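Report on the structure
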Amino acid sequence: MKAIVIGGGIGGLTAALALLDQGIDVEVYEQAHELKEIGAGLQIAANASRVLTRLGLGPELERLGVAVHAIVMHDLHSDRPVHALPVERSDATPEAMTARFDGTFYQLHRPDLLGMLADAVPAGVTQLGERATGFVDDGAGVTVTFESGHRTRGDLLIGADGIHSRVRSQLLGETEPEFSRIVAWRALIPREKLAHLDLEQDCHVWLGPNRSGVAYWVHGGELLNFVGMVPADETAAESWTTQGDLAQMRRSFAGSNARLQAILDEIESPFITGYYYRYPLAEWARGRVALLGDAAHPMHPFLAQGACQAIEDAAVLAHTLASHLADGDVPAALAEYQTRRIPRAGRVQNASRTQEPVWHMSDPREIVQRNRTLASLSELDPDAKTLYGWVFSYDVEAEAAKPLRDPSAVLRREEARRAWTMWATLLRPKDLDRQHHGIREAYDRFLLHNFPPDPTVSIEDSPVDGRTHLRVTAPDGAGGPTLLHFHGGGYLLGSAAGSVGLASRLARETGGSVVVPDYRLAPEHPYPTAVEDAVASYDALLGRGVDPATVLISGESAGGGLAVALAMRLRDLGRPMPAGIVAMCPMGDLAVTGESVDTAAGVDPISTRTFLTQMATSYLQGSNPRAPLASPVYGDYQGLPPLLIQVGENEALYSDATRMADAARRDGVEVELDAYPDTVHVFQMFDFLPESSAALERTAKFAGRVTAPRP
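Throughout what follows, the structure given in this document is the object of discussion. Chains are numbered independently. Their residues run from 1 in the order of the written sequence. Totals for whole chains, interfaces and linings use every residue, but because this is a predicted model, local features are given only for residues with pLDDT of at least 70 and side-chain atom pairs only at 80 or more, for both listing and counting. Side-chain metrics in this entry use all non-hydrogen atoms of the structure; hydrogen atoms and water are not considered.

**A word on the environment of alanine 474**
Strands are runs of DSSP state E lasting at least 2 residues, helices are runs of H or I lasting at least 4, and numbering of each runs from the N terminus. Residue position: alanine 474 is located in the loop between strand E21 (469-473) and strand E22 (482-486). Judged by its relative accessible area of 6%, alanine 474 falls in the buried class. For the pair alanine 474 and arginine 659, spaced 185 residues apart in the sequence, the C-alpha separation amounts to 34 Å. Once you skip the residues sitting within four places of it in the chain, alanine 474 turns out to touch Val457, Ala507, Arg508 and Gly512. Accessible area is worked out with a 1.4 Å probe on protein chains only. A residue is then buried under 20% of its type maximum, exposed over 50%, and partly exposed in between. The contact rule is simple, with two residues in contact once any of their heavy atoms fall within 4.5 Å.

**Comments concerning helix H17 (residues 558-573)**
One less than the number of residues in a helix, times 1.5 Å, gives the span that helix is expected to have. Helix length check: H17 (16 residues) gives 22 Å between terminal C-alpha atoms against 22 Å at 1.5 Å per residue, within 8%. All of the buried residues along H17 are Ala558, Gly559, Gly560, Gly561, Leu562, Ala563, Val564, Ala565, Leu566, Ala567, Met568 and Leu570. Elements in contact with the buried residues of H17: E22, helix H16 (529-543), strand E24 (551-556), strand E25 (580-584), strand E26 (643-648) and helix H20 (654-666). Just downstream of H17, glycine 574 is the residue with a positive phi angle, here 75 degrees.

**Some remarks on the sheet that holds strand E19 (residues 289-291)**
Spatially, the 6 strands line up as an open sheet ordered E8-E2-E1-E12-E19-E18, and their pairing is mixed. In the strand order of this sheet, the two ends are held by strand E8 (126-128) and strand E18 (285-286), each with one partner. The rule for pairing is simple: two strands pair if DSSP sees at least two bridges between them. Looking at chain direction, strand E1 (residues 2-6) and strand E2 (residues 25-30) are connected through 5 bridges and run parallel. Across the sheet, the residue bridging to valine 5 is valine 28, located in E2. A fitted line through C-alpha atoms represents every axis, and for helices the fit uses only the stretch in contact; the resulting angles, taken between N-to-C directions, go from 0 to 180 degrees. Sitting on the sheet, helix H1 (residues 10-21) touches E1, E2 and E8, and the angle it makes with E2 is about 170 degrees. Across the sheet, helix H9 (residues 330-359) lies against strand E12 (156-159), E18 and E19, angled at about 20 degrees from E19, the strand it touches most.

Shown next, in the form of structure tokens:
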């Protein structure tokens, strides 16, 4: 088998090494007349350094790379630490970082990495000064033509020719990449010029309004690499070339802290580049042609994964082709390559892109919220395994060896797999661009589109303190119980309007009314705002003459945790208690310590450890994650009314539900715990699931038993 690789950069040369390692012949064609990279730095995290080490580059990485001690984020103006990985300085060693992510995190000079790759590729494999002009895939092989008149033929073609890939344009059609509206000032500074500064062997990041600075050591610690990201409109168009204007750079960072200013003062000849990207592609391969690296997935720099993902691509490409050496089915191998790589690279693309507004916040209130959220993150995730582990600890070769399967096949029934897929595809890439604002809109769109209200119910709004309170009443429901129901969404998402579908079915099943209130959401309104709003909603309900003996408080997911927290707060305030509580798949532990969070990894597509932690820290913002009104698993249940808990056996929050039930029983509360097999988180919403109907019937029976009949 013979592969033709167009592009002699980091991705193309890594692909050549990986393919040769599998016994596959390779020809690499590079349009430049010499292999060189711009004089800048890059980071090779553990997910990529493991691949390069296995390909024999470990000694060179050790010689020329700088092993990271820590990643430290500072405020651009004050230099105060905002967040660090690891949190404890005593853990900031290369050995600890390697152990944390199962591989070494290197900082490198780009020419050093390219040079070690070029030296490792055997002589004669790489042809320089050859610009590809087109290809023909005739089904039996691929013929490539070049400007020089040269032609070559192989069994497959790999386009590793960068963001403006000619291979991609012919394969998928001509489309322009997106401009991020961010440009980067870059420079390298000799160590001797910075001897007076306290710059540990860390990656330093300075976060400021609409801009950031990054500095780290490269080239065996002899050079400091600086990257300063600023809005594109702060530089004249004519300066978007190799060399930049020092005065412009310094204006962009006026008012920065003294240490960053000292770095800027030592820069003599910066150059400037723009950042371009694409949203994840749905297709990387057709027939015998496939894309790799920036040709397939150019991304923002905020996870430092551009080169790393190209290296991962190379490893998977070599694995899939090697698995088809016996049958020679190249199209099948390339189809498998894209099936394995698109979800992974797309997730990294999305995460990298959506970090930009986090780094470059300009609203002072949002900056305070971000920094408080990062403080909570330091407590919940001190080793950053939740925040970064899915990126850096990813073992691409182990993953490539796993059999391909439909991810939803973790559930047995067709209807359960349908619900799984709905959760898994809730968010589109562009929904993520505006952080929680876009995710909120997507979640409401998901609920309103898929779960409309029952047309037979009546819906009216009775606002409380300016917050929407939708009363959903079943036909002839005036004499039935009243449920005060809190929507889910991790205290970050959700709305009363989005919950009327489930509320209408609850009202029909119980023969009464369901009041769904809006409550103020994080990060704008952190803990304990949701609890305060819940108390106000309950007080308003009773203030309108509703007998508490006819009231249940209920909720799904975070709303289920909030319902229990509300009952605890009402007891402590001496308020009249409701007749009962219904907690549907409750999120009850914002410390995210439940065993099922990890055992359900890959099974629960929405309640991942990463997402749960992000939601929890956005709400807590420095508050105690084990405070009972934030995390009812740690609370005192004495004096609470009867409690019905419903949960899926294989969802991430199963342990939250069972621990809440155990705590309630410990404190003498009447508890019913219903666990449903082979289903998804908040299955009660999915009206096509039989367990949804069964759970609502159980809720109605529970309501009928614990509530007093209305006069």
